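Structure assessment
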Amino acid sequence: MRNLIPSYVRVPLIFFIIWGLIELFVGKPHEPAFMNHPMIIVFLVLVLLLIVAIEAIVVALENVMFQSLDETAKAKYLAQKTATPKIVEWVKKTYIKMLGAKPIEKEGEIILDHEYDGIRELDNDLPPWWRYGFYASIVFAAVYLIRFHVFNGENQYEELQSTLELAKVELEEYKKTAKDLVDFDSVTLLTDPADLATGKAIYDANCVACHMPDGGGGIGPNLTDDHWILGGGIKNVFHTVSEGGRSGKGMIAWKTMLKPVEIAQVSSYLLTFQGTTPANPKEAEGDVWVDKDAAQ
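Let me sum up the structure you'll find in this document. (Residues numbered from 1 in each chain as written. Predicted model: local features only at pLDDT ≥ 70, side-chain atom pairs only at ≥ 80, totals over all residues. Heavy atoms only, no water.)

**Some words on the overall build of the chain**
Rule in force here: Put simply, DSSP H or I for four residues or longer makes a helix, DSSP E for two residues or longer makes a strand, and each gets a number counted from the N terminus. Here the radius of gyration uses the C-alpha set of atoms, whereas the globule reference equals 2.2 Å times the residue count to the power 0.38. Summary of the burial criterion: residues with accessible area below 20% of their type's maximum are buried, those above 50% are exposed, and those between are partly exposed, where the area comes from a 1.4 Å probe applied to protein chains only. Residue contacts follow a heavy-atom distance rule, with two residues in contact if any of their heavy atoms lie within 4.5 Å.
The helix and strand tally for the chain stands at 12 helices and 4 strands. The C-alpha atoms of the chain give a radius of gyration of 38 Å, which is well past the 19 Å a tight globule of 296 residues would have. Evaluated residue by residue, the chain yields a buried proportion of 20% over its 296 residues. For the chain, restricting intrachain contacts to residue pairs at least 6 apart in sequence, the fraction spanning at least 24 positions comes to 58%.

Right, dumping it as structure tokens:
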């Protein structure tokens, strides 16, 4: 094996095999493993140094052992080391066999009669690789014909459609646990204390200037009553916070600064003001909102 693959090929090959195994078992799709685990870079550097060190030690041992041999043993060792590996010989023989060409000394047997400007043509058979490939294509065509035109197998358009439907189902399942992918259609009222605490922090940092700390309203509307300008309930509030308020009324679209999960958290928190009594409540604005889903 060492004679077959030189060290300048063997060392990088072993290193990249180890790297590939790490990516296979540790990495994520479209994201190298060392992006999430920086220590992997240190590990790979140590692995590379170890491989180089082992290679150097083995070469040194071989040299020491070689120097200890007598002249006959040295000659035998060198002959074995320079001999062509059997696998290489097999590849060469197989390559020549698949070409199917006549040896030069036997070309006289296949020279055709006609000649042009001193050039004569050989009547070589088609190479075996070409014939076997052609036979394989016939078998493939027969299987394809029966599969798709006799038994009406799923074609590429139907396969694409079924794949898209499966991906849609998997995406919906993933969205149930991936808070960062929440949107108007999938958002639900969050009641976990950790989510509400995060929502409060966002509200205190961005919303109190217009809605007051107790939600009683100032520049912005009162959040404690049952009147809503753009609709109440978690979905409408999520949409209003995400896309912004009425044009010219000052509230920006927070989707440019907050993640979807953060918008869901602050929307859920501000809904906790419902039914509370603020210190200086602003006059109600908008229409009375009745949550039909809650009512049912």
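Having seen it, we continue.
**Details of the environment of glycine 286**
Along the chain, glycine 286 turns up in the loop between α11 (260–270) and β4 (287–288). Note on glycine 286: relative accessible area 42%, which makes it partly exposed. Remark: the alpha-carbon pair of glycine 286 and isoleucine 5, spanning 281 residues in sequence, is separated by 79 Å.

**Some points on the packing of aromatic side chains**
Here is the rule we go by: Aromatic rings from Phe, Tyr and Trp, with only the six-membered ring used for Trp, were paired whenever their centres fell within 6.5 Å, and each pair was classed as stacked if the ring planes differed by under 30 degrees, edge-to-face if by over 60, and tilted otherwise.
With the rule as written, the count across this model stands at 10 aromatic pairs. For the ring pair tyrosine 203 and phenylalanine 273, a centre distance of 5.3 Å and an interplane angle of 55 degrees mean the geometry is tilted. Of the two residues, tyrosine 203 is situated in helix α8 (residues 193–206) and phenylalanine 273 in the loop between α11 and β4; the sequence distance between them amounts to 70 residues. Its relative accessible area of 0% is what places tyrosine 203 among the buried residues. By relative accessible area, phenylalanine 273 is classed as buried at 7%. Through a chain of ring-to-ring contacts, three or more aromatic side chains come together here, namely Phe15, Phe16 and Trp19.

**Side note on the pattern of salt bridges**
As a reminder of what qualifies: A pairing counts as a salt bridge when a side-chain nitrogen of Lys or Arg comes within 4 Å of a carboxyl oxygen of Asp or Glu.
Across all of its chains, the model carries 4 salt bridges by this definition. In this structure, glutamate 55 and arginine 10 form a salt bridge, with 2.4 Å as the shortest nitrogen-oxygen distance. Taken together, the positions of glutamate 55 in helix α3 (residues 39–67) and arginine 10 in helix α1 (residues 7–25) put the pair 45 residues apart, joining distant regions of the chain. The pair formed by glutamate 55 and arginine 10 is uniform in burial state, with each residue classed as buried. Across the salt bridge formed by glutamate 285 and lysine 282, the nearest N and O atoms sit 3.3 Å from each other. According to the relative accessible area criterion, lysine 282 is partly exposed, its value standing at 26%.

**Topic: the packing of α1 against α3**
Spelled out, the test is: Angles here are taken between N-to-C directions and fall from 0 to 180 degrees, while the axes themselves are lines fitted to C-alpha atoms, restricted in helices to the stretch in contact. Between 65 and 115 degrees an angle is taken as roughly perpendicular, under 35 as roughly parallel, over 145 as roughly antiparallel, and anywhere else as oblique. A clockwise turn of the near helix away from the far one marks a right-handed crossing, whereas an anticlockwise turn of less than a right angle marks a left-handed crossing. Each residue is assigned to one class: nonpolar for Ala, Val, Leu, Ile, Met, Phe, Trp, Tyr, Cys and Pro, charged for Asp, Glu, Lys and Arg, and polar for all the others, Gly among them.
At a closest axis distance of 10 Å, the pairing of α1 and α3 adopts a crossing angle of 150 degrees. Here α1 lies roughly antiparallel to α3, going by the angle between them. As for the relative orientation of α1 and α3, their crossing is right-handed in sense. Contacts between α1 and α3 involve Ser7, Arg10, Val11, Ile14, Phe15, Ile18, Trp19 and Ile22 from the former and Ile40, Phe43, Leu44, Val47, Leu48, Ile51, Val52 and Glu55 from the latter. The residue inventory of the contact of α1 with α3, partitioned by class, reads 13 nonpolar, 1 polar and 2 charged.

**Here's the deal with a nonpolar patch on the surface**
Heads up, the rule is: A patch consists of residues exposed above 30% relative accessible area that lack any salt bridge, with like charges linked at up to 9 Å and nonpolar side chains (Val, Leu, Ile, Met, Phe, Trp, Tyr) linked at up to 5 Å. Here the accessible surface of atoms and residues is derived via Shrake-Rupley with a 1.4 Å probe, and residues count as covered only by protein chains that are part of the display.
A cluster of nonpolar residues, Tyr95, Ile96, Leu99, Leu126, Trp129, Trp130, Tyr132, Phe134, Tyr135 and Ile138, forms a patch on the protein surface that exposes about 1,100 Å² of accessible area. Where the nonpolar patch is concerned, the elements lending two or more residues are α5 (86–99) and α6 (128–150). It is α6 that contributes the most residues to the nonpolar patch, 6 residues altogether. For tyrosine 135, the location among the structural elements is in helix α6.

**A look at the nonpolar core**
Put simply, the test is: Joining through side-chain atoms within 4.5 Å is the link that ties buried Ala, Val, Leu, Ile, Met, Phe, Trp, Tyr and Cys residues into a set, and such a set is a nonpolar core.
Core analysis: the biggest nonpolar cluster contains 21 residues, and Tyr203, Val241 and Leu270 have the highest contact counts within it. Of all the secondary-structure elements, those providing two or more residues to this core are α8, α10 (233–243) and α11. Ranked by the residues each element gives to this core, the list is headed by α11, at 5 residues. Residues Phe15, Ala33, Ile40 and Ile51 belong to the second largest nonpolar core, which totals 8 residues.

**Concerning α8**
For the record, the criterion: For a helix, the expected span equals 1.5 Å multiplied by the residue count minus one. Picture the helix axis, draw a direction to every C-beta atom, and the arc is the one those directions span. Polar contact is the term for a pair of N or O atoms within 3.5 Å; when the atoms are in protein, one must be able to donate a hydrogen and the other to accept it, and sequence-neighboring residues count only if both atoms are side-chain atoms.
Its 14 residues place the ends of α8 20 Å apart at the C-alpha level, agreeing with the 20 Å of an ideal helix rising 1.5 Å per residue. Inspection of α8 places Asp195, Gly199, Ile202 and Tyr203 among the buried residues, and these make up the whole buried set. Axial view of α8: buried residues confined to an arc of 100 degrees, hence all on one face. Turned more than 90 degrees away from the buried face of α8 sit Pro193 and Ala205, all of them exposed. Check the buried side of α8 and you find it contacts α9 (208–211) and α11. N-capping of α8 is provided by aspartate 192, with a side-chain oxygen placed 2.9 Å from the backbone N of alanine 194.

**Quick word on the packing of α10 against α11**
Their axes nearest at 9 Å, the elements α10 and α11 cross at an angle of 125 degrees. The angle between α10 and α11 places the two elements in the oblique class. Judged by the sense of rotation from one axis to the other, the crossing of α10 with α11 is right-handed. Within the contact between the two elements, α10 uses Ile234, Val237, Phe238, Val241 and Ser242 and α11 uses Pro260, Ile263, Ala264, Val266, Ser267, Ser268 and Leu270. Considered class by class, the residues forming the contact of α10 with α11 number 9 nonpolar, 3 polar and no charged.

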